[in-house]
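# Per-entry structural report
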Amino acid sequence: MTHYQPGEHPTPSGRVPAWMWVMTTVSCCFLGFVPAIVIAAKANTRRAALWATGFAVAYLVGLALVGSQPEGANNIWSNVGGVLFFGTGVGALCYVAVVGPKLRWARTTRPSPVRTAAPVVDGAPPHDPNARAVAGVLAARQKRAEARAMAANDPQMAHDLCIGRPDLPRHYDDGGLIDLNGAPAEVIARGLGLTQAQAEHIVEVRRQLGKFERVDDLLTLADLEPSVYDAAQERIILL
């Protein structure tokens, strides 16, 4: 049983390697016996070996007869040598055409390129803008939840990390939280999508109260409209 290396596949019947035809025709029959020898090695049979031996002997005898005659000689020996020499090439072509397709030839093909998966950023495929947008929103929500949990368990760390204060130098990403007990009016307006007047009113109420104790105070004390409050509530934190 013939075994093929990775990347090799049996050539379908009738697909004799092209170099066999090219070698014989381009060399003007000088190498006509070589394809027969290759077929003999491939077939590994006594009959193929005898054919290859016959072509090789005929080639060598013809070459010897032609080469032994004086230049320009036209006698029986030179004629016999020429017939043997060129007959070997023609015979080899016929032999390849008949026997070659009966064998299984292996051809090496280029391996298919390995395609690596594109990197995934924030859990979303890089070529899907919708998925990336959704992943960005979910990631920001997760960051806000983590920041709120930190503020509830360790308020001092939350102050040190400047959670809810994008107006201050910091390195911690809190997902876009705004601290209504510390952020200036312009930051409140920009971060919560409020008008400047609404933000300044919140800051004024904060000054009067000292600080907001509950987020609901925005409705009862800062006169924030329910629709505006609902839209901004997710980003509000009180430190």
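Residues numbered from 1 in each chain as written. Predicted model: local features only at pLDDT ≥ 70, side-chain atom pairs only at ≥ 80, totals over all residues. Heavy atoms only, no water.

## Things to note about the confidence of the model for the protein chain
Parts of the prediction with low pLDDT should not have their coordinates interpreted in detail. Mean pLDDT for the protein chain: 76, with 72% of residues reaching 70 or above. When pLDDT is averaged over each element of the protein chain, strand 3 (residues 178–179) comes out on top at 92 and strand 1 (residues 8–11) at the bottom at 44. A low-confidence stretch, residues 1–13 stays under pLDDT 50, and its non-local contacts, those more than four residues away or across chains, total 19 contacts. (pLDDT = per-residue confidence, 0-100. Helix = DSSP H or I, 4+ residues; strand = E, 2+ residues; numbered from the N terminus. Contact = heavy atoms within 4.5 Å.)

## Here we look at the environment of Gly182
Mapped onto the secondary structure, Gly182 falls in the loop between strand 3 and helix 7 (185–192). Here the alpha-carbon distance between Gly182 and Arg165, two residues 17 residues apart in the chain, equals 7.3 Å. In this structure, Gly182 is in contact with Arg165 and Arg206, ignoring residues within four places of it in sequence.

## What about the side chain of Arg144?
Note that Arg144 resides in helix 5 (residues 129–153). There is a polar contact of 2.7 Å between the side chain of Arg144 and the backbone oxygen of Gly175. When residues no more than four places from it in sequence are discounted, the contact partners of Arg144 are Asp174, Gly175, Gly176, Leu177, Glu234 and Arg235. (Polar contact = N/O pair within 3.5 Å; in protein donor to acceptor, adjacent residues only side chain to side chain.)

## Considerations on unusual backbone geometry
Notably, Cys162 is not glycine yet its phi reads approximately 60°, a positive angle. The topology assignment puts Cys162 in the loop between helix 6 (155–160) and strand 3.

## Some points on the nonpolar core
Counting residues in each nonpolar core, the largest one holds 20 residues, and the members touching the most others are Ile178, Leu180, Ile188, Leu192, Ile202 and Leu218. Contributions of two or more residues to this core are made by helix 7, helix 8 (196–209) and helix 10 (226–232). Filtering out sequence-adjacent residues up to four positions away, Leu218 remains in contact with Leu180, Ile202, Phe212, Asp223, Leu224, Tyr229 and Ile236. Ala36, Ala48, Ala52 and Tyr95 belong to the second largest nonpolar core, which has 9 residues in total. (Core = buried A, V, L, I, M, F, W, Y, C linked by side-chain atoms within 4.5 Å. Buried < 20%, exposed > 50% of the residue type's maximum accessible area, 1.4 Å probe, protein only.)

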